[in-house]
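Summary of the model geometry
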Amino acid sequence: MINVRNLQFSYPKSSKEAIKDLSFSIAKGEVFGFLGPSGAGKTTTQRLIIGLLRGYGGSIEIMGKERSMWDYNFYEKIGVAFDFPNLYKKLTARENLKLIGSYYRSAPKDIEGLLVRVGLEGERNKKVEDYSKGMKMRLNFIRAIMHDPDILFFDEPTSGLDPVNAKIIKDIIVELKNNGKTIFLTTHHMDVAEQLCDRVAFINEGLISAIDRPKNLMVQYGKPMVTVEFEKFGEVQSEKLPLENLKDNPIFEDILRNHRILTIHSQEATLEEVFILLNGRALI
């Protein structure tokens, strides 16, 4: 669905390349995570693919056609929800969706159902200028999906949301994937990426340092160890043991035979730890 090759881009009047040489592809029905700290090039890459930025080097092919060759029909095929909601503040939520829906050839069929799904049914007739950031984020999210696009671009989709509403958004993203939608998700929240993404790419200073499934990266850069917590003489104790030949380890055998095991955890790295290891900087 998306095929990017040797993408390069610099902002006007800037001597620094924002995007240096990016190559990646995204398959139909895949949730692809673009992960990195603020200023790494995540949003710039999305905006180049969407067409909000032009004058790039390299190739951006979308659904078999170079981005520069697409006309306005392209916007019938995509849905976009950035971190900063783009809504009409003087209109109500319902009026926003009806007006924006009228821009598309196929009008949305279930605006009321979408409002209910994200918990805004009681605020449907309130002006958006009176919404909290979290409410605007939820409204902006359903604005992006209501015309049933093939490709969705989400920039920090759970930003400003409490855990309950963040879960609602994540559940909808999973449903969209299961319905064959292709999703390009940028975030610096590694837990969101781990939960949602089929594959992730780490970007830092305009370059990709790794692309793989989250679990593969976590195992590859983790430690081949397990931590066993167990109860001994009424106290909780723990042992870190090599994963290799664990069943033959005499310490582990003793714990199994003589003590009550409470937990066993493998020591794979977190995605954030992998990112820091590969890029030498934290995700902030």
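Just above, that's the structure.
This write-up is about the structure you can find in this document. (Residues numbered from 1 in each chain as written. Predicted model: local features only at pLDDT ≥ 70, side-chain atom pairs only at ≥ 80, totals over all residues. Heavy atoms only, no water.)

1. Re the overall build of the protein
Let me state the cut-off plainly: Counting from the N terminus, the helices are the DSSP runs of H or I reaching at least four residues and the strands are the DSSP runs of E reaching at least two. When accessible area is computed with a 1.4 Å probe and restricted to protein chains, residues below 20% of their type maximum are described as buried, those above 50% as exposed, and intermediate ones as partly exposed. By definition in these notes, contact holds between two residues if any of their heavy atoms fall within 4.5 Å. For every accessible area listed, the method is Shrake-Rupley and the probe measures 1.4 Å; residues are considered covered only by the protein chains on display. Asp and Glu count as negative and Lys and Arg as positive, but His and the ends of the chain are not part of the count. Here the site of a charge means NZ on Lys, CZ on Arg, CG on Asp, or CD on Glu.
Counting secondary structure elements, the protein contains 10 helices and 13 strands. Counting only C-alpha atoms, the protein reaches 70 × 50 × 30 Å along its principal axes. The buried share of the protein, reckoned over its 284 residues, is 46%. Counting contacts in the protein only where the partners sit at least 6 residues apart, residues at least 24 apart contribute 66% of the total. Roughly 14,700 Å² of accessible area belongs to the protein as shown, and the carbon and sulfur atoms make up 49% of that amount. Within the protein, the 38 negative side-chain charges are centred at a point lying 7 Å from the centre of the 39 positive side-chain charges.

2. Regarding the side chain of Thr227
Formally: Under this definition, polar contacts are N or O atom pairs within 3.5 Å; protein pairs additionally need one hydrogen-donor-capable and one acceptor-capable atom, and for neighbouring residues in sequence, both atoms have to be side-chain atoms.
Structurally, Thr227 is set in strand β11 (residues 223-232). On the basis of relative accessibility, which here comes to 12%, the residue Thr227 falls in the buried class. At a separation of 2.9 Å, a polar atom in the side chain of Thr227 contacts the side chain of Gln267. Apart from the residues lying within four places of it in its own chain, the contact partners of Thr227 are Ser238, Glu239, Lys240, Thr263, Ile264, His265 and Gln267.

3. Some words on helix α3 (residues 93-101)
Here is the rule: An arc is given here, and it is the one of the directions from the helix axis to the C-beta atoms.
Where α3 is concerned, the buried positions are Ala93, Asn96, Leu97, Ile100 and Gly101. Viewed end-on, α3 has its buried residues packed into an arc of 120 degrees, placing them on one side of the element. The secondary structure elements touched by the buried residues of α3 are α4 (111-117) and α5 (133-145).

4. Considerations on the sheet that holds strand β7 (residues 151-155)
What counts here: Only when DSSP finds a minimum of two bridges between them are two strands counted as paired. In this description, a line fitted to the C-alpha atoms serves as the axis of each element, helices being fitted only across the stretch in contact, and the angle between N-to-C directions of two axes falls anywhere from 0 to 180 degrees.
Within the open sheet, the six strands sit side by side as β6-β7-β8-β3-β9-β10. Their pairing is mixed. Looking at the sheet topology across the chains shown, the edges are occupied by β6 (78-81) and β10 (207-212). Looking at each pair of strands side by side, their axes are set apart by 15 degrees on average, direction ignored. Two strands pair when backbone bridges link them, and strand β3 (residues 31-35) and strand β8 (residues 182-187) are joined in this way by five bridges, in the parallel orientation. Bridged to Val31 within β8 is Ile183. Each of β6 and β7 is contacted by α5, which is oriented at about 170 degrees to β6, the strand it contacts most. Strand contacts of helix α6 (residues 163-178): β3, β7 and β8, with the helix running at about 145 degrees to β8, the strand carrying the most contacts.

5. Some points on a nonpolar patch on the surface
To keep things clear, this is the line we draw: The patches reported here contain residues having more than 30% relative accessible area and no salt bridge. Joining distances are 9 Å for like charges and 5 Å for nonpolar side chains (Val, Leu, Ile, Met, Phe, Trp, Tyr). Criterion for a salt bridge: a side-chain nitrogen of Lys or Arg within 4 Å of a carboxyl oxygen of Asp or Glu.
A surface patch of nonpolar side chains, amounting to about 290 Å² of accessible area, comprises Tyr88, Leu99 and Tyr103. Mapped onto the elements, Tyr88 comes out in the loop between β6 and α3.

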